[in-house]
Amino acid sequence: MAPLAPSPLPPPRNSTRPVKVGSVTIGGGHSIVVQSMCATKTTDVDATVAQVESLAAAGAGVVRIAADTRRDCEALAEVRRRTRANLSVDLQENYRLAADVAPLVDKIRYNPGHLYHHERNRPWQDKVKFLVDVAGQHDCAIRVGVNCGSVDPALASREGHGVRAMLESALDHCELLDQLGFTRYCVSLKDSDPANVVEVNRQFAARRPDVPLHLGVTEAGMPPEGIAKTRAALEPLISKGIGDTIRVSLTVPVARKHEEVEAGRRMLADIAAGRLLGPQGFLAAGLNIISCPSCSRVENEAFVDLAEKVREATRYAAEFPITIAVMGCRVNGPGETDHADLGLWCGPKFVNLKRGGTHLGEFSYGEIIARLKRELDGLIGNRKEWIAEAQRRSAEYDAGATSASSWPDVQARARRQAGLDG
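These remarks concern the structure in this document. (Residues numbered from 1 in each chain as written. Predicted model: local features only at pLDDT ≥ 70, side-chain atom pairs only at ≥ 80, totals over all residues. Heavy atoms only, no water.)

1. Section: the overall build of the protein
- A count of helical and extended segments in the protein gives 15 helices and 15 strands.
- Buried residues in the protein amount to 57% of all 422 residues.
- Residue pairs at least 24 apart in sequence account for 68% of intrachain contacts in the protein once pairs closer than 6 positions are excluded.
- Of the roughly 16,800 Å² that the protein leaves accessible, carbon and sulfur atoms contribute 51%. (Helix = DSSP H or I, 4+ residues; strand = E, 2+ residues; numbered from the N terminus. Buried < 20%, exposed > 50% of the residue type's maximum accessible area, 1.4 Å probe, protein only. Contact = heavy atoms within 4.5 Å. Areas by Shrake-Rupley, 256 points an atom, 1.4 Å probe, with all protein chains shown as cover.)

Rendered as structure tokens:
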């Protein structure tokens, strides 16, 4: 197979420090690296190796694999023996597994908000030092992966789950890593709202222009909407020189996971050529469906099919500014559906349904759509002002009165008029 052409170089970027991840380098003026994540069960070694190779062949410079158990670590050892791709491990609740997987991978990704799950009485600073020691011993880079739905509880209680909390979390961890003398790290700050992604990454780049940034929209959803959301966030950042590596996180079946890489490479080529889509396609929409990218933690393979059914079953509500979240597992589902108007998170046999932060119960995969529609109809009610707001928003955007930066204000106004916020 002929080697893939490197990703096109977009406009000149911020001068971040170089971070080596296996055979690629992030930052330091190198080409933007496209990443993806395996959706196969890590313990299914044959399927995972096949997906790693498929993603690498599509152009992924780094492939991430989840490891949550000792069995995952044992399987990852065999995966490592059978591929030369650059591997990143995704650690969630048990940070101590880093000692088992670090010899097998090129980068360790941890979420600051998940460090508190294990050994809750131990300071997070001690846990990060453990990760640094392991990474240094085994020649690994680190990604500090901050996510809007799982901010450190101490910060969330003080700052909420918005831009300020994400920014403070990232800066705190960067400061500690620097104090520990470990500089081989990058940072990601992800939100399901493209406007928040733009804002928090701009602020971080202004405060820490030396640190390479991994860009993406978490829970972007299904294509084509998920691609549009990602471009709405990443185009204005990359066009201003911000960003060293990217992922387009899509809710797609295992066999279509390569579409994430293809979408990322296509976006970089378009930005380099000046073909920007802008925020119009996403920002003019009313109903917003967010769904996590399929990964090895999905507890029922019907998750992707369920997300597609939710999209089809709710098209009649397209004009209304309502957010529906569809999550595939217990790791991110409970917390990251709290901020949606309606949230679903999948278990092995049942789907949990929430309205805001209120848990409404567990429903079978066969009955959840009907119950979701009932809740959606109740949420809409007779609030005809939502339609008027959607029309007004569209007219404002067409007239140039509404910019991407003012979109949160427009959303907030719609929610206030609908009686959802106070």
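2. Focus on empty space enclosed by the protein
- By the definition in use, this model includes 3 cavities of 30 Å³ or more.
- Quantified by volume, the second largest cavity comes out at close to 50 Å³.
- Around the second largest cavity, the lining residues are Asn14, Thr16, Ala205, Arg208, Pro209, Val211, Leu213, Gly241, Ile242, Gly243 and Asp244.
- The residue makeup of the lining of the second largest cavity, split by class, is 5 nonpolar, 4 polar and 2 charged. (1 Å grid on protein atoms, 1.4 Å probe; cavity = no way out; pocket = protein on both sides within 12 Å on 5 of 7 lines; lining within 4 Å. Points joined across faces, edges and corners; volume = space filled by probe spheres on them. Nonpolar A, V, L, I, M, F, W, Y, C, P; charged D, E, K, R; others polar.)

3. Regarding the sheet that holds strand S15 (residues 358-364)
- Read across the open sheet, the 5 strands follow the order S11-S12-S13-S14-S15; overall the sheet is mixed. The strands lining the two open edges of the sheet, one partner per strand, are strand S11 (288-291) and S15. Pairwise comparison of adjacent strand axes, ignoring direction, gives a mean angle of 20 degrees for this sheet.
- Here helix H11 (residues 303-313) sits on the sheet and contacts S11, strand S12 (323-327), strand S13 (342-346) and strand S14 (350-355); the angle it forms with S12, its principal contact strand, is near 165 degrees. (Pairing = 2+ DSSP bridges. Axes fitted to C-alpha atoms, helices over the stretch in contact; angles between N-to-C directions.)

4. Concerning the packing of aromatic side chains
- On inspection of all chains with the given rule, the structure shows 1 aromatic pair.
- Lying over the aromatic face of tyrosine 185, arginine 17 brings its terminal NZ or CZ to 4.6 Å of the ring centre.
- Between the NZ or CZ atom of arginine 96 and the centre of the ring of phenylalanine 130, over which it lies, the distance is 4.9 Å. (Phe/Tyr/Trp six-rings, centres within 6.5 Å; stacked < 30°, edge-to-face > 60°. Lys NZ or Arg CZ within 6 Å of the ring centre and 35° of its normal.)

5. Comments concerning the packing of helix H1 (residues 45-58) against helix H2 (residues 70-82)
- Relative orientation of the contacting elements H1 and H2 amounts to 45 degrees, with a least axis distance of 10 Å. Regarding the angle of H1 to H2, the classification is oblique. The handedness of the crossing between H1 and H2 comes out as right-handed. Every residue of H2 that contacts H1 at Val45, Asp46, Thr48 and Val49 is listed here: Ala75, Glu78, Val79 and Arg82.
- Broken down by class, the residue content of the contact of H1 with H2 amounts to 4 nonpolar, 1 polar and 3 charged. (Parallel < 35°, antiparallel > 145°, perpendicular 65-115°, else oblique. Left-handed = near helix turned anticlockwise from the far one by under 90°.)

6. What to know about the sheet that holds strand S7 (residues 141-147)
- With parallel pairing, 8 strands are arranged side by side around a closed barrel as S3-S4-S5-S6-S7-S8-S9-S10.
- As judged from the 2 bridges shared by strand S9 (residues 213-215) and strand S10 (residues 245-246), these two strands associate in the parallel manner. Counterpart to histidine 214 in the pairing with S10 is threonine 245.
- Relative to the sheet, H1 contacts strand S3 (33-37), strand S4 (62-66) and strand S5 (87-91), its axis offset from that of S4 by approximately 155 degrees.
- The strands that helix H6 (residues 163-179) touches are strand S6 (107-110), S7 and strand S8 (185-190); relative to S8, the one it contacts most, it runs at about 170 degrees.

7. A short note on helix H8 (residues 225-238)
- For H8, with 14 residues, the first-to-last C-alpha span of 20 Å sits near the 20 Å given by 1.5 Å per residue.
- The largest bend in H8 amounts to roughly 25 degrees and is located at arginine 231.
- Of all 14 residues in H8, 10 are buried; the element is thus mostly enclosed.
- For H8, the full list of buried residues reads Gly226, Lys229, Thr230, Arg231, Ala232, Ala233, Leu234, Glu235, Leu237 and Ile238. (Expected span 1.5 Å × (residues − 1). Bend = angle between axes of the 7 residues up to and from the residue.)

8. Observations concerning the nonpolar core
- Counting 78 residues, the largest nonpolar core has Leu76, Leu87, Ile108, Val187, Phe204 and Ile246 as its most contacted members.
- For this core, the leading source of residues is H6, giving 9 residues.
- Isoleucine 246 has contacts with Ile32, Val33, Val34, Gln35, His214, Leu215, Leu234, Ile238, Gly264, Met267 and Leu268, leaving out every residue within four places of it along the chain.
- In this structure, Met222, Leu306, Ala340 and Leu344 belong to the second largest nonpolar core, which totals 34 residues. (Core = buried A, V, L, I, M, F, W, Y, C linked by side-chain atoms within 4.5 Å.)

9. A closer look at helix H7 (residues 194-207)
- Here H7 contains 14 residues, and its C-alpha end-to-end distance of 20 Å stays within 8% of the 20 Å for a straight helix at 1.5 Å per residue.
- Taken together, the buried positions of H7 are occupied by Pro194, Ala195, Val197, Val198, Val200, Asn201, Phe204 and Ala205.
- Between the side-chain oxygen at the start of H7 and the backbone nitrogen of alanine 195 there is a gap of 2.9 Å, and the oxygen is on aspartate 193. (Polar contact = N/O pair within 3.5 Å; in protein donor to acceptor, adjacent residues only side chain to side chain.)

10. Some details on the side chain of arginine 143
- Tracing the chain through its elements places arginine 143 in strand S7.
- One buried charged residue, arginine 143, forms no salt bridge at all, with the nearest opposite charge on aspartate 90 at 5.4 Å.
- Polar side-chain contacts of arginine 143 include one of 2.7 Å to the side chain of serine 188.
- Sequence-distant contacts of arginine 143, that is, excluding residues within four places in its chain, are made with Arg64, Lys107, Ile108, Arg109, Tyr110, Cys186, Ser188, Lys190 and His214. (Lys, Arg positive; Asp, Glu negative; His and termini not counted. Salt bridge = Lys/Arg side-chain N within 4 Å of Asp/Glu carboxyl O.)

11. Some details on the pairing of S15
- For S14 and S15, the ladder comprises 6 bridges, and the chain directions are antiparallel. Each bridged residue has a counterpart across the sheet, and for phenylalanine 350 the counterpart in S15 is serine 364.
- Hairpin connection, S14 to S15: the antiparallel pair is bridged by 2 residues, and glycine 356 has positive phi, about 65 degrees.

12. Brief notes about the packing of H1 against helix H9 (residues 258-272)
- Taken N-terminus to C-terminus, the directions of H1 and H9 make an angle of 15 degrees; their axes are 9 Å apart at the nearest point. By the criterion of interaxial angle, the relationship of H1 to H9 is roughly parallel. H1 and H9 meet at a crossing whose hand is right-handed. Counting all contacts with H1, which are made through Ser54, Leu55 and Ala58, the residues of H9 involved are His258, Val261 and Arg265.
- Considered class by class, the residues forming the contact of H1 with H9 number 3 nonpolar, 2 polar and 1 charged.

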